[in-house]
Amino acid sequence: MDGSLIPSLGYHIPWQVVRKATSVSTPVRIVMNAALKTPGGSSLNDLLAKGHNSVTSLFASLVCFRLGDGALSADIAKFYNQTQLEASYLQYQRILWPRAYLAEGGKGGGEGEELEVVEMVVKTLIYGLRPSGQQCTAGMAKLAAYVDQQRPDLAAGAAAVRAAYVDDILSPATPGKERELARQISEVLGLAGMQVKG
């Protein structure tokens, strides 16, 4: 990793490995804990602003979804992991990572063994960080606004992305036009380097 990306001030997020043997896609996952209190008594989530709640109402999404004669639902794949942050936010995204984990197949140290750590930065949104949901919504709104101006031929896809409930797209669709709406949604998300699951 480029050391110039690591800010000199900020916060190291505690994390742990969580295993879920029943999961096919992610049997092992890294879970960050921005709610853990520091020795000073506050957590990172206590200090970060959530921002204006602009997440689409789930109730409104479901009502709109059921209004049409047809409907389409989609899930944006690895939404948080695909949302890149501006450099100024990286000071709150620092982690200490065992050097042994960097090697392919690295297992880290054994029981009671000290680990050498390296400082790293997570450059995408993190689940559980207080402002992440609002940042997702703001990103989708900016993407939809860009499409409205630059690609008006994808207006229906942009509208569906704008109305998403975090990473869930629930959109009414005219019967017989579902495939076209799905194509537009995929193309809109593709402009941001994203895709739907499946």
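Predicted model only: the values in this text are computed from it and were never measured. (Residues numbered from 1 in each chain as written. Predicted model: local features only at pLDDT ≥ 70, side-chain atom pairs only at ≥ 80, totals over all residues. Heavy atoms only, no water.)

Q: Report on the overall build of the protein chain, specifying residues and quantitative values.
A: Along the protein chain, the regular secondary structure elements total 6 helices and 6 strands. Helices and strands appear in the protein chain in the N-to-C order β-β-α-α-β-α-β-β-α-α-β-α. The buried share of the protein chain, reckoned over its 198 residues, is 30%. Counting only contacts in the protein chain whose residues sit at least 6 apart along the sequence, the fraction spanning at least 24 positions is 70%. In the structure as shown, the protein chain presents an accessible area of about 12,300 Å², 54% of it carried by carbon and sulfur atoms. (Helix = DSSP H or I, 4+ residues; strand = E, 2+ residues; numbered from the N terminus. Buried < 20%, exposed > 50% of the residue type's maximum accessible area, 1.4 Å probe, protein only. Contact = heavy atoms within 4.5 Å. Areas by Shrake-Rupley, 256 points an atom, 1.4 Å probe, with all protein chains shown as cover.)

Q: Any details on the packing of aromatic side chains? Residues and values, ideally.
A: Summed over the entire model, instances satisfying the criterion amount to 3 aromatic pairs. For the pair tryptophan 15 and tryptophan 97, a centre-to-centre distance of 4.6 Å together with 25 degrees between the ring planes defines the contact as stacked. Residue tryptophan 15 is found in strand S1 (residues 15-19), and its partner tryptophan 97 is found in strand S4 (residues 94-98); the two are separated by 82 residues along the sequence. For tryptophan 97, a relative accessible area of 16% puts it in the buried group. Look at tyrosine 80 and tyrosine 127: their rings are 4.2 Å apart centre to centre, the planes differ by 5 degrees, and that puts the pair in the stacked class. Placement of tyrosine 80 in helix H3 (residues 79-82) and of tyrosine 127 in the loop between strand S5 (117-121) and helix H4 (132-150) is noted, with a sequence separation of 47 residues between them. A relative accessible area of 10% means that tyrosine 80 is categorised as buried. Since its relative accessible area comes to 47%, tyrosine 127 is described here as partly exposed. Grouped by ring-pair contacts, the aromatic residues Phe79, Tyr80 and Tyr127 constitute a single cluster. (Phe/Tyr/Trp six-rings, centres within 6.5 Å; stacked < 30°, edge-to-face > 60°.)

Q: Which residues make up the pattern of salt bridges, and what values do they have?
A: Applying the stated rule across the entire model yields 9 salt bridges. With a shortest N-O distance of 2.8 Å, aspartate 153 and arginine 151 are connected by a salt bridge. Residue class for aspartate 153 comes out partly exposed when judged on its relative accessible area of 45%. Residues joined by salt bridges that share partners form a network here, namely Arg151, Asp153, Glu180, Arg183 and Glu187. (Salt bridge = Lys/Arg side-chain N within 4 Å of Asp/Glu carboxyl O.)

Q: Before we move on, can you summarise the environment of glutamine 93 with the specific residues and values?
A: Here glutamine 93 shows up in the loop between H3 and S4. Separated by 29 residues in sequence, glutamine 93 and valine 122 have C-alpha atoms that sit 5.4 Å apart. Contact partners of glutamine 93, with chain neighbours within four places excluded, come to Tyr11, Ile13, Leu85, Met120, Val121, Val122, Thr124, Ile126 and Leu129. Polar contacts involving the side chain of glutamine 93 include one to the main-chain carbonyl oxygen of threonine 124, which spans 2.9 Å. (Polar contact = N/O pair within 3.5 Å; in protein donor to acceptor, adjacent residues only side chain to side chain.)

Q: Before we move on, could you go through the nonpolar core and cite the residues and values that matter?
A: Within the largest apolar cluster, 26 residues are counted, with the highest numbers of intra-cluster contacts made by Met140, Val161, Ile169, Ile185 and Leu189. Listed by contribution, the elements that provide at least two residues to this core are strand S3 (70-75), H3, H4, helix H5 (155-162), strand S6 (168-173) and helix H6 (178-191). Ignoring anything within four residues of it in the chain, the contact list for leucine 189 reads Ile76, Met140, Leu143, Val161, Ile169, Met194, Gln195 and Val196. Among the nonpolar cores identified, the runner-up in size contains 12 residues, and Leu44, Leu48, Ile126 and Leu129 belong to it. (Core = buried A, V, L, I, M, F, W, Y, C linked by side-chain atoms within 4.5 Å.)

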